[in-house]
Amino acid sequence: LNANYTKELGPHVTEAKSLLEKMISFFNFIFYEEELKGISELLRDFQVEVENVKRGMGLLTFADVATLGIECLLRFPEVRQMEKKSYKAIMIDEFQDDNILQKELLYLLAEKEEHCSENIPLPENLNPQKLFFVGDEKQSIYKFRGADVEVFRKLSDELKGKANLSTNYRSE
């Protein structure tokens, strides 16, 4: 094969390999559907048992605390209104090491006082003077405990009021 033909064929081979991998995954899912259902049910039962043991021992994980906080603010609008009024400003440092639960909690607390949606507020329903966050996606180090740098990237895009600092004054 000449070099030009190989160059032209390369992207098509890559695409074909990708499609083949997806087809294999699809056929494995179909072939093992019953086994997967059983495993899924077993995992669901295990999760329920873990939650029961934790509650019986009076234990909460970090995710449990965030989830319960979100549920409380969504279920009880009067509590949410009171909490929103109690924070004049919210500043979060190292936001690249947060996750979706923490972002949702932040949105609930930074919502404009005149709004009280039934779900997590949209960015346009946030009080822009209340919210300030700082982070550097290159310093995200807590993925092992659930941090998701994509949440930081999306938050920057959603809020649109960002300033990028290109100089590190601490070590210059």
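Our structure's up above, just so we're on the same page.
In what follows, the accompanying structure is described. As the structure is a computational prediction, the values presented were derived from the model and not from experiment.

What follows concerns the environment of Phe-152. In this fold, Phe-152 is placed in helix α6 (residues 149-159). Aside from chain neighbours lying at most four places away, what touches Phe-152 is Phe-95, Gln-96, Phe-133, Val-134, Gly-135, Asp-136 and Glu-137.

Considering all chains together, one arrives at 3 aromatic pairs under this definition. Between the aromatic rings of Phe-26 and Phe-27, the centroid separation amounts to 5.6 Å while the plane-to-plane angle is 65°, which identifies the pairing as edge-to-face. Ring geometry for Phe-133 and Phe-152: centres 5.9 Å apart, planes at 90°, overall edge-to-face. Within this pair, whereas Phe-133 is found in strand β2 (residues 131-133), its partner Phe-152 is found in helix α6, the two being separated by 19 residues in sequence. Residue Phe-133 shares its accessibility class with Phe-152, and that shared class is buried.

Taking 1.5 Å per residue as the helical rise, helix α2 (residues 33-57) with its 25 residues ought to reach 36 Å, and the 36 Å between its terminal C-alpha atoms agrees with that figure. Just beyond α2, the residue with positive phi is Gly-58, at close to 70°.

Reading guide: rules and limits
Residues numbered from 1 in each chain as written. Predicted model: local features only at pLDDT ≥ 70, side-chain atom pairs only at ≥ 80, totals over all residues. Heavy atoms only, no water. Helix = DSSP H or I, 4+ residues; strand = E, 2+ residues; numbered from the N terminus. Contact = heavy atoms within 4.5 Å. Phe/Tyr/Trp six-rings, centres within 6.5 Å; stacked < 30°, edge-to-face > 60°. Buried < 20%, exposed > 50% of the residue type's maximum accessible area, 1.4 Å probe, protein only. Expected span 1.5 Å × (residues − 1).

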